[in-house]
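Observations on chain architecture
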Amino acid sequence: GDMTSDKVGTSTAPLGSFSFSPTPTRPRVFILSDFRLLRDGVAAALAEQPSVVVVGTADLSAQPCRIAELTPDALLLDITVPGSLDLSLPIREATPSAKVVCLGVSETESVVMACARAGVSGFVAPNGSVKDVLAAVHSAVRGELVCSPRTAGILLNRVNALSASRAADGTS
């Protein structure tokens, strides 16, 4: 595709169960994974999409300040490697405007809540498609969340539990 334009059409296309409306400008995406094949494959798939720009890829040893120099809007973080979620905070500190979208998120309460505690802005399941990645990136950049009903249920149940415990404590 044409990598020079920062504008994207306003048409919306159905993406399975998620509606997808592009952001006004093309989000700049950086991909982090220790698996080179995954990094290269996601980068190649996204390079064919006119609604995003891939600005770089790296393994998990990348320095957050080097990533920040590329001014990404979204960071795709492969969390299938143990400890990879620990990178979310230093990356978000180095690039506060960038949204972290995790790849390979199994829909278990422990994983979803670990992502939430790490300040993650989006989730893509291990069986997610390129369209799911695009939907997650665009929604995260807009400050919204696209997730499965199961993930939404996990998050809502945790919020409800926190609200109930605060009510019992007399705090709000």
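As the structure is a computational prediction, the values presented were derived from the model and not from experiment.

Calculation notes
Counting of residues starts from 1 at the beginning of each chain's written sequence and follows it residue by residue. Local features in this predicted model are restricted to residues whose pLDDT is 70 or higher, and side-chain atom pairs enter the listing and the counts only when it is 80 or higher, whereas totals over whole chains, interfaces and linings include all residues. Think of the side-chain values as coming from all heavy atoms in the structure, minus any hydrogens and water. Note on conventions: DSSP H or I runs of at least 4 residues are helices, E runs of at least 2 residues are strands, and numbering of each starts at the N terminus. To sort residues, take the accessible area from a 1.4 Å probe on protein chains only and compare it with the maximum for the residue type: under 20% means buried, over 50% means exposed, and anything in between is partly exposed. For this analysis, residues touch if any pair of their heavy atoms sits within 4.5 Å. Note on areas: Shrake-Rupley, 1.4 Å probe, and residue coverage restricted to the protein chains presented here. Note on terminology: a nonpolar core comprises buried Ala, Val, Leu, Ile, Met, Phe, Trp, Tyr and Cys residues joined through side-chain atoms within 4.5 Å. At least two bridges found by DSSP between two strands are what make those strands a pair. Here, axes are lines fitted to C-alpha atoms. For helices the fit covers the stretch in contact, and angles between N-to-C directions go from 0 to 180 degrees. pLDDT expresses, on a scale from 0 to 100, how confident the predictor is about each individual residue. If you view a crossover with the strands going away from you and the path from the first strand over the helix to the second runs clockwise, you call it right-handed. Angle categories: roughly parallel below 35 degrees, roughly antiparallel above 145, roughly perpendicular from 65 to 115, and oblique for all the rest. Note on convention: the crossing is left-handed when the near helix lies turned anticlockwise from the far helix by less than a right angle, right-handed when the turn is clockwise. Three residue categories are used. Nonpolar comprises Ala, Val, Leu, Ile, Met, Phe, Trp, Tyr, Cys and Pro, charged comprises Asp, Glu, Lys and Arg, and polar comprises the others, including Gly. What qualifies as a polar contact is a pair of N or O atoms within 3.5 Å, subject to a donor-acceptor requirement within protein and to the restriction that residues adjacent in sequence count only when both atoms come from side chains.

The next subject is the overall build of the protein. Helices and strands together make up the secondary structure of the protein, namely six helices and seven strands. Listing each helix as α and each strand as β along the protein from the N terminus yields β-β-β-α-β-α-β-α-β-α-β-α-α. When each of the 172 residues of the protein is scored for burial, the buried share is 40%. When contacts within the protein are restricted to residue pairs at least 6 apart in sequence, those whose partners lie at least 24 apart make up 63%. Element-wise, carbon and sulfur atoms account for 55% of the exposed surface of the protein, whose accessible area totals about 9,100 Å².

Let us look at the nonpolar core. Counting residues in each nonpolar core, the largest one holds 27 residues, and the members touching the most others are L32, L77, L85, C102 and C115. Contributions of two or more residues to this core are made by β3 (28–32), β4 (53–58), β5 (74–78), β6 (99–103), α4 (109–117) and α6 (149–169). Look past the residues within four positions of L85 in its chain and what remains in contact with it is L77, I79, C102, A114, C115, A118 and V120. Counting residues in each nonpolar core, the second largest holds 16 residues, with L103, V133, A136 and V137 among its members.

On the basis of which strands lie adjacent, the open sheet formed by five strands has the order β4-β3-β5-β6-β7 and parallel pairing. For this open sheet the edge positions go to β4 and β7 (122–124), each flanked by a neighbour on one side alone. Mean inter-strand twist for the sheet, computed between neighbouring axes without regard to direction, equals 20 degrees. Where β5 meets β6, five bridges bridge the pair, whose relative direction is parallel. Each residue of the ladder has a partner; that of L75, found in β6, is V100.

A word on the confidence of the model for the protein. With 85% of its residues at a pLDDT of at least 70, the protein reaches an overall mean of 86. Residue range residues 1–19 is modelled with pLDDT below 50. Its contacts to residues more than four positions away, or to other chains, number 31 contacts.

Here we take up the pairing of β5. With respect to burial, β5 is a largely interior element, five of its five residues being buried. Burial of the side chains of β5 extends over both faces: A74, L76 and D78 are buried on one face and L75 and L77 on the other. Since β5 and β6 lie parallel, the crossover through helix α3 (residues 88–94) that links them has a hand, and here it is right-handed.

Attention shifts here to unusual backbone geometry. The phi dihedral of T71 falls on the positive side, at around 45 degrees, and the residue is not glycine. Of note, T71 is situated in the loop between α2 (64–69) and β5.

Time to look at the pairing of β4. Bridge analysis of β3 against β4 gives five bridges, and the strand direction is parallel. Counted as the bridge partner of I31 is T57 from β4.

Below, the discussion takes up the packing of α4 against α6. Running from amino to carboxyl end, α4 crosses α6 at an angle of 70 degrees, the nearest separation of the two axes being 10 Å. Put simply, α4 runs roughly perpendicular to α6. In the packing of α4 onto α6, the handedness of the crossing is right-handed. For the pair α4 and α6, contact is made by E109, V112, M113, A116 and R117 and by T151, I154, L155 and R158, respectively. Looking at the contact of α4 with α6, its residues break down into five nonpolar, one polar and three charged.

Further remarks concern the side chain of S51. Inspection of the secondary structure assignment puts S51 in the loop between α1 (36–47) and β4. Looking at S51, its side chain comes within polar contact range of the side chain of H138, at 3.1 Å.

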